[in-house]
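# Tertiary structure, described
Take a look at the letters that make up each chain.
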Amino acid sequence: MNICVIGTGYVGLVTGVVFSDLGNDVVCVDKLSAKIDGLNKGVMPIYEPGLEEMVARNVADGRLQFSTDLEAAVTKAEVVFIAVGTPPREDGSTDLSYVEDAAKGVARALNSYKVIVNKSTVPVGTGDFVRQVIMTNRRRAVDFDVVSNPEFLREGSAITDTLVPDRIVIGAPNRVVAMRLLELYAPLERPMIITDVASAEMIKYASNAFLATKISFANAVANICEEAGADVTQVVKGMGLDSRIGAAFLSAGLGYGGSCFPKDTRSLLHTAQTFGYDFPLLKATIETNEEQPRRFIRKIHDALGGDDLKGLTVGVLGLAFKPNTDDMREAKSLDVITDLLACGATVKAYDPIAIENTRSVFPHITYGANAYEVAAGADALVVVTEWNEFKTLNFERLASIMNRRLILDGRNIYDPETVRRNGFEYHSIGRVTLA
Ligand code: NAD
């Protein structure tokens, strides 16, 4: 099939390369010429395991192209995916201007029947909106259909998630249109669900809001555990083994960040409210998540002796919003570092991949080449992102190079007893503090 994917971010680029790998002819379009120039030279705009190799293979085989020419790409496509950003507005609603621009571009190029697929995460009703934009802006009276095919990939495992998704959701106006997409996804041999367009749009938001709620629930339980002398890691383990509950997304920590959960929960809340429903459960999920880094920052202050951190050096381990990505959107490191700097601390930070992206936000802090460089001379070491390489640090070595043996672990990656045995004061989330 001839496919055009509009937007070469995490979703568009990965979708495009996977469809080309399945034997389709794909043109990935972006309005940023620097991104397209880079891709044409083999330079990936994002870090994603396995992406570079898969792009190189499919470009070499002639099935994958990158272009800024939306009109040419749409003209020859049978299926057009819209995978542009849908950022949040101040009031929590979704900014659909990129989707609208993309839809206008499709409308202008419409030369034959095409299936237009909304892959971006968009509020319920956007399928109708896109249909209307295309109807209004098309130059020829050519027929088309709009389908919702929300994306569930996770950054850091985007290729695998796209090749082996738990399910493929296709929201189509009728079965004939749905079959076009079924055909495209058939080689993956994964479960597919066909719904109407509005239901598919809701599935995406309801799923993300539910996962976010699991995380906030674990964090709320952690906050009680701290007071009650229980250990949240044992509690969620005991809960997660119940097959009705499941262990995924049930870890206590600094809360969820990234480009999806924060904006999607706020967007669903906004949608609910526009329909007159206040959604108190989702409100609590969002509030709990916003409170979680504030509680952790208070712990840092308490451990370091107050709000004036002048003269103290804090090492920050992990900057990306989660491991295996360089994405800094709504990363908890931003809250933590902003506070430390405001209170006068000297910050040294390290992340295996996200340093370059962080440098644009915090150009004046010191970046280390590894965890030990950051720990050297520090008065506290703060774990913000649970990269695997932080889980096996040598505590004896840390003890010998730090100014003070203090670890604040925002992701519960260490065994409290082990850390304490090495002479550290250790604070984590939802577990008794060992000094
Ligand atoms: P992104 O910001 O990484 O990429 C979007 C790309 O679209 C950018 O390169 C931008 O230049 C391009 N673009 C915007 N308008 C354009 C236009 N008119 N023509 C051509 N290109 C245009 O975004 P992303 O993370 O890939 O997310 C895209 C959508 O997928 C969002 O709705 C997001 O919520 C959703 N989503 C993201 C993830 C994720 O993990 N990142 C997962 C599932 C769903």
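In this text the structure is predicted, and so the values were computed from the model without any measurement.

### A closer look at the overall build of the protein chain
- Along the protein chain, the regular secondary structure elements total 18 helices and 14 strands.
- Relative to a compact globule of 435 residues, whose C-alpha radius of gyration would be 22 Å, the protein chain shows 24 Å and is just as compact.
- Its C-alpha atoms put the protein chain at 75 × 50 × 40 Å along the principal axes.
- Put simply, the protein chain has 435 residues, and 53% of those count as buried.
- Considering only intrachain contacts with a sequence separation of at least 6, the fraction spanning at least 24 residues in the protein chain is 72%.
- A total accessible area of about 18600 Å² is found for the protein chain, and carbon and sulfur atoms account for 52% of it.

### Thoughts on the side chain of Ser67
- Along the chain, Ser67 falls in strand β3 (residues 64-67).
- The exposure class assigned to Ser67 is buried, which follows from its relative accessible area of 18%.
- Residues in contact with Ser67, not counting those within four places in the same chain, are Val27, Cys28, Val29, Asp30 and Ile36.

### Things to note about the packing of helix α9 (residues 197-228) against helix α12 (residues 280-304)
- Where α9 meets α12, the closest approach of the two axes is 9 Å, and the angle between their N-to-C directions is 45°. With respect to their mutual orientation, α9 and α12 come out oblique. Pair α9 / α12 crosses with left-handed handedness. Each of Ala209, Ala212, Thr213, Ser216, Asn219, Ala220, Asn223 and Glu226 in α9 lies in contact with α12, whose residues at this interface are Leu282, Thr285, Thr288, Asn289, Gln292, Arg295 and Lys299.
- Here the residues of the contact of α9 with α12 sort into 4 nonpolar, 8 polar and 3 charged.

### What to know about the domain arrangement of the protein chain
- Entries for the protein chain in the domain assignment read domain 1 (2-203) and domain 2 (226-435).
- Taken over C-alpha atoms, the centre of domain 1 sits 34 Å from the centre of domain 2.
- The interface of domain 1 with domain 2 comprises 18 residues on the first partner and 17 residues on the second.
- Counting each side, the surface lost to burial between domain 1 and domain 2 is near 1300 Å², with a carbon and sulfur contribution of 55%.
- Remark: the boundary between domain 1 and domain 2 carries 1 salt bridge.
- Across the salt bridge formed by Arg329 and Glu155, the nearest N and O atoms sit 3.7 Å from each other.
- Applying the counting rule to domain 1 against domain 2 returns 6 residue pairs in polar contact (both at pLDDT 80 or more).
- A class-by-class count of the residues in the side of domain 1 that touches domain 2 yields 9 nonpolar, 6 polar and 3 charged.

### Overview of the environment of Ser333
- Along the chain, the position of Ser333 falls in helix α13 (residues 332-342).
- Counting along the chain gives 76 residues from Ser333 to Gly257, while the straight-line C-alpha distance between them is 9.9 Å.

### So, the site of the ligand
- Around the ligand, a shell composed of 27 residues is seen, among which Asp30, Lys35, Thr86, Glu155 and Lys263 lie nearest.
- A distance of 2.6 Å is found between an oxygen atom of the ligand and a side-chain nitrogen or oxygen belonging to Asp30.
- Contacts to the ligand include Lys263, whose side-chain N or O atom sits 2.6 Å from an oxygen atom.
- Computed on the free molecule, the ligand has an accessible area of 830 Å², of which 90% lies beneath the protein chains in the complex.
- It is helix α5 (residues 97-109) that contributes the most residues to the shell around the ligand, 3 residues altogether.
- Its residues placed into classes, the shell around the ligand shows 10 nonpolar, 8 polar and 9 charged.
- Counting contributing residues per domain, the shell around the ligand is built from domain 1 (2-203) and domain 2 (226-435), each supplying no fewer than three.

### Topic: the state of the cysteines
- Applying the stated rule across the entire model yields 0 disulfides.
- Cys28 takes part in no disulfide bond, and the closest cysteine sulfur, belonging to Cys4, lies 8.2 Å away.
- Accessibility expressed as a relative area gives 0% for Cys28, which makes it buried.

### Overview of unusual backbone geometry
- The phi dihedral of Glu189 is positive, around 55°, even though this residue is not glycine.
- With respect to the helices and strands, the residue Glu189 is situated in the loop between α8 (175-185) and β8 (192-195).
- Its identity as a non-glycine residue notwithstanding, Phe249 has a phi of 60°, on the positive side.
- Assignment of secondary structure puts Phe249 in the loop between α10 (232-240) and α11 (261-274).
- Residue Phe249 is classed as partly exposed on the basis of its relative accessible area of 32%.

### Digging into the pairing of strand β7 (residues 168-171)
- Both faces of β7 are covered, namely the face carrying Ile168 and Ile170 and the face carrying Val169 and Gly171.
- Once you follow β7 into α8 and on to β8, the crossover reads as right-handed.

### Digging into the layout of surface pockets
- Here the second largest pocket is characterised by a volume of approximately 230 Å³.
- Along the wall of the second largest pocket there are 13 residues; nearest its centre are Ala209, Phe210, Thr213, Lys214 and Leu281.
- Those elements that provide at least two residues to the lining of the second largest pocket are α9 and α12.
- Tallying contributions element by element places α9 first for the lining of the second largest pocket, with 6 residues.
- A class-by-class count of the residues in the lining of the second largest pocket yields 10 nonpolar, 1 polar and 2 charged.

What counts, and at which threshold
- Residues numbered from 1 in each chain as written.
- Predicted model: local features only at pLDDT ≥ 70, side-chain atom pairs only at ≥ 80, totals over all residues.
- Heavy atoms only, no water.
- Helix = DSSP H or I, 4+ residues; strand = E, 2+ residues; numbered from the N terminus.
- Rg over C-alpha atoms; globule rule 2.2 N^0.38 Å.
- Buried < 20%, exposed > 50% of the residue type's maximum accessible area, 1.4 Å probe, protein only.
- Contact = heavy atoms within 4.5 Å.
- Areas by Shrake-Rupley, 256 points an atom, 1.4 Å probe, with all protein chains shown as cover.
- Axes fitted to C-alpha atoms, helices over the stretch in contact; angles between N-to-C directions.
- Parallel < 35°, antiparallel > 145°, perpendicular 65-115°, else oblique.
- Left-handed = near helix turned anticlockwise from the far one by under 90°.
- Nonpolar A, V, L, I, M, F, W, Y, C, P; charged D, E, K, R; others polar.
- Domains from an automatic or database assignment.
- Buried area = accessible area lost by both parts, 1.4 Å probe.
- Salt bridge = Lys/Arg side-chain N within 4 Å of Asp/Glu carboxyl O.
- Polar contact = N/O pair within 3.5 Å; in protein donor to acceptor, adjacent residues only side chain to side chain.
- Near = heavy atom within 4 Å.
- Disulfide = S-S within 2.5 Å.
- Right-handed = clockwise from strand over helix to strand, strands pointing away.
- 1 Å grid on protein atoms, 1.4 Å probe; cavity = no way out; pocket = protein on both sides within 12 Å on 5 of 7 lines; lining within 4 Å.
- Points joined across faces, edges and corners; volume = space filled by probe spheres on them.

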